Amino acid sequence: DVKVTQSSRYLVKRTGEKVFLECVQDMDHENMFWYRQDPGLGLRLIYFSYDVKMKEKGDIPEGYSVSREKKERFSLILESASTNQTSMYLCASILAGTDTQYFGPGTRLTVL
Amino acid sequence: QKEVEQDPGPLSVPEGAIVSLNCTYSNSAFQYFMWYRQYSRKGPELLMYTYSSGNKEDGRFTAQVDKSSKYISLFIRDSQPSDSATYLCATSYSGAGSYQLTFGKGTKLSVIP
């Protein structure tokens, strides 16, 4: 079974803090993704990565950066957290040959 | 026009009912069609995926794709309270170095015992 794990299920941070969200997949997938999910807005793509040290902007990259130093790990960084970044953050990984993404359990981030 | 349209519901049905969830899409280049189930405060879980027009069945779930009308459906037979969740449709395209995956906004389903 594909397994995608995220470092935290719930996180509370203060405005201005630097926040790291970690995602690890154990299936040797090249492609990994970060989304945020908000009520009424659905899933929105923040960043994705096709390979180690490679990254591409998604639809809403502003205020975020990413890091992919190892194939299995994809990190999302909020350089200076703001209250409008309170959201559910979801990491996903692609099963090769099918274009179907498998998701982690999500991190619910609250920025106060 | 949004690329994937999905009725947000909410949809409420009695236990044992047949549920029909639907999406339309606009880009004829989409190749893969998926349904995800998402329980409250959890990540989406892949339910079914299909590559072509037609039906694909898995237990009580049937995914149907009609590429000619750009319409995808998920049917749930003998619905159970444990089926209560938000269902997301998704379509994808890849080729020539590009990749696109587009989700619907989800339909919230409640199955009442």
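Structure shown above.
What counts and how
- Residues numbered from 1 in each chain as written.
- Chains lettered and ligands numbered in written order.
- Predicted model: local features only at pLDDT ≥ 70, side-chain atom pairs only at ≥ 80, totals over all residues.
- Heavy atoms only, no water.
- Contact = heavy atoms within 4.5 Å.
- Buried area = accessible area lost by both parts, 1.4 Å probe.
- Salt bridge = Lys/Arg side-chain N within 4 Å of Asp/Glu carboxyl O.
- Helix = DSSP H or I, 4+ residues; strand = E, 2+ residues; numbered from the N terminus.
- Nonpolar A, V, L, I, M, F, W, Y, C, P; charged D, E, K, R; others polar.
- Pairing = 2+ DSSP bridges.
- Axes fitted to C-alpha atoms, helices over the stretch in contact; angles between N-to-C directions.
- Buried < 20%, exposed > 50% of the residue type's maximum accessible area, 1.4 Å probe, protein only.
- Polar contact = N/O pair within 3.5 Å; in protein donor to acceptor, adjacent residues only side chain to side chain.
- Core = buried A, V, L, I, M, F, W, Y, C linked by side-chain atoms within 4.5 Å.
- Phe/Tyr/Trp six-rings, centres within 6.5 Å; stacked < 30°, edge-to-face > 60°.
- Lys NZ or Arg CZ within 6 Å of the ring centre and 35° of its normal.

A. Representation of the interface of chain B and chain A in the model. Between chain B and chain A, the contact holds 20 residues from the first and 23 residues from the second. Here chain B meets chain A over a buried area of about 1,700 Å², counting both sides, of which 56% is carbon and sulfur. At the junction of chain B with chain A, the criterion picks out zero salt bridges. Counting residues per element, the ones that place at least two in the side of chain B that touches chain A are β4 (32–38), β5 (45–50), β9 (85–95) and β10 (98–103) of chain B. Split by residue class, the side of chain B that touches chain A holds 10 nonpolar, seven polar and three charged.

B. Structural context of the sheet that holds strand β3 (residues 19–25) of chain B. All names here are of chain B. Taken together, five strands build an open sheet; the order of strands is β1-β3-β8-β7-β6 and the sheet is antiparallel. Of all strands in the sheet, those bounded by a partner on one side alone are β1 (4–6) and β6 (54–58). Strand-to-strand, the axes of this sheet are offset by a mean angle of 20°, without reference to chain direction. For β1 and β3, the ladder comprises three bridges, and the chain directions are antiparallel. Bridging from a neighbouring strand, Q6 pairs with C23 of β3.

C. The arrangement of the side chain of R37 of chain B in detail. Residues and elements named next belong to chain B. Mapped onto the elements, R37 comes out in strand β4. We classify R37 as buried; its relative accessible area is 12%. Of note is the side chain of R37, whose polar atom sits 3.5 Å from the side chain of Y39. Among all residues touching R37, those that are not within four sequence positions of it are G43, P44, E45, L47, F61, D83, A85, T86 and Y87.

D. Local environment of the nonpolar core. W35, I72, L74 and Y87 of chain B are the most contacted members of the largest nonpolar core, which totals 23 residues. Put simply, the parts of the chain that give this core at least two residues each are β3, β4, β5, β7 (61–66), β8 (71–76), β9 and β11 (107–112) of chain B. Looking at this core element by element, the count peaks at four residues for β3 of chain B. Counting 20 residues, the second largest nonpolar core, distinct from the first, contains I60, F74, Y89 and C91 of chain A.

E. Fine view of the packing of aromatic side chains. If you walk through the whole model with that rule in mind, you get 12 aromatic pairs over all chains. A ring pair is formed by Y35 of chain A and F103 of chain A, whose centres lie 5.7 Å apart and whose planes are at 45°; its orientation type is tilted. Of this pair, Y35 of chain A sits in strand β4 (residues 32–38) while F103 of chain A sits in strand β10 (residues 100–103), placing them 68 residues apart in sequence. Each member of the pair Y35 of chain A and F103 of chain A is classed as buried. Plain terms: the ring middles of Y36 of chain B and F103 of chain B are 5.6 Å apart, the flat faces sit at 55° to each other, and that makes the pair tilted. Of this pair, Y36 of chain B sits in strand β4 while F103 of chain B sits in strand β10, and the two are 67 residues apart along the sequence. Judged by its relative accessible area of 10%, F103 of chain B falls in the buried class. Among the aromatic residues, those joined into a cluster by ring pairs are F33, Y35, F48, Y50 and F103 of chain A together with Y36 and F103 of chain B. Across the ring face of F74 of chain A, the terminal group of R68 of chain A is positioned such that the distance to the ring centre comes to 6.0 Å. Above the ring of Y51 of chain B, the side-chain terminus of K67 of chain B is found at 5.5 Å from the ring centroid.

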